[in-house]
Amino acid sequence: MHLLEFCKGIQLGEVAVRIIVDYDMEESEYAELKQRFQTDRHSFFQHITGAAGYRQKLLYLFARFSIDAYGEYRVRGIADKIYFDTFSDIRVWCEVCYRDYGEYGIEEYNWLQEHVRLRLFRLGRLQFQPIAFESDLKEGNLTVEKHQLVLNVHIPEGEPLTPQEVEHSFSLARAFFRGIPPIYTCRSWLLYPGLDNILKAESNILRFQRLFHIYEVDEASREAEQRIFNRVTADPSEYGEETSLQCAAKAFLQNGGKLGRGCGIYVPETNNHFDQEV
């Protein structure tokens, strides 16, 4: 696969495409950097981020790493749609980099390493990442043991989180990750129980939240504010009001409310809320 084909496949913007295509790097340097990435990622990122223009360099390198990963996708028989959907996160975080820093590149490099290491896949609307569960959990008839392999769920920015798309993603995940029990975990502001203070009961976010048994809540997390307003400030009055969600969240925060993060687990066989909502 060539760079332009990859960029087109993930629908990368023209300016970012030019950065990748025009980037000047000898193949010997690329080989050395790839080797360092594979054997010592801490050293790799420390080396790259210590120089000027590192965001553009990381954009180029992650594009190259992604293309190299395509061969493994082919070996495993994974469809091109899943490949391009998964690596479209490079486009997402490139655009976030421009929003936050005024330049196209990559700042969210720790996250994107999961994609190129084939440790995370986007299946429909959701992303799935096999992980070892961090502790023993027993709630009613549900038991998950520490170190048990589960599927961690991530919700990328973009399309609406409709019940139909969510159901489709879980269906795809069950077929894709054969051999891993359909036990799904999620750590996100979308699972914070207090969201019912700012959202309507029929909202897509609350429908998604109700799939999960919330087993832990982080009241101190500011993730919700970061995701809703794209920044965090000590004074909620400084937040924008461009969307209905922003308006509701801002009013709630100004009145002394808090928005944290929840950790939840979803096992389809023991949770029929989704079917009831649909």
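Criteria and cut-off values
- Residues numbered from 1 in each chain as written.
- Predicted model: local features only at pLDDT ≥ 70, side-chain atom pairs only at ≥ 80, totals over all residues.
- Heavy atoms only, no water.
- Axes fitted to C-alpha atoms, helices over the stretch in contact; angles between N-to-C directions.
- Helix = DSSP H or I, 4+ residues; strand = E, 2+ residues; numbered from the N terminus.
- Parallel < 35°, antiparallel > 145°, perpendicular 65-115°, else oblique.
- Left-handed = near helix turned anticlockwise from the far one by under 90°.
- Contact = heavy atoms within 4.5 Å.
- Nonpolar A, V, L, I, M, F, W, Y, C, P; charged D, E, K, R; others polar.
- Buried < 20%, exposed > 50% of the residue type's maximum accessible area, 1.4 Å probe, protein only.

Enquirer: Quick rundown of the packing of helix α5 (residues 54-76) against helix α6 (residues 80-87)? Include the residues and the values.
Expert: Where α5 meets α6, the closest approach of the two axes is 11 Å, and the angle between their N-to-C directions is 150 degrees. Judged by the angle between their axes, α5 and α6 are roughly antiparallel. In this structure, α5 crosses over α6, and the sense of that crossing is right-handed. Residue-level contacts link Ser 66, Ile 67, Ala 69, Tyr 70, Tyr 73 and Arg 74 of α5 to Asp 80, Ile 82, Tyr 83, Thr 86 and Phe 87 of α6. Along the lines of polarity and charge, the residues of the contact of α5 with α6 split into 7 nonpolar, 2 polar and 2 charged.

Enquirer: With reference to specific residues and values, describe unusual backbone geometry.
Expert: The backbone of Gln 11 sits at a positive phi, close to 60 degrees, despite the residue not being glycine. Note that Gln 11 resides in the loop between α1 (3-9) and α2 (14-21). Take Gln 11: its relative accessible area is 60%, and that puts it in the exposed class. A positive phi angle, near 55 degrees, is found at Leu 118, a position not held by glycine. Mapping Leu 118 onto the fold places it in the loop between α8 (109-116) and β1 (121-123).

Enquirer: Explain the packing of α2 against α5 to me, using residue names and the numbers behind them.
Expert: Running from N to C, α2 and α5 cross one another at 80 degrees; their axes reach a closest spacing of 9 Å. Looking at the two axes, α2 sits roughly perpendicular to α5. Note on element contacts: α5 touches α2 through Gln 56, Leu 59, Tyr 60 and Ala 63, opposite Ala 16, Ile 19 and Ile 20.

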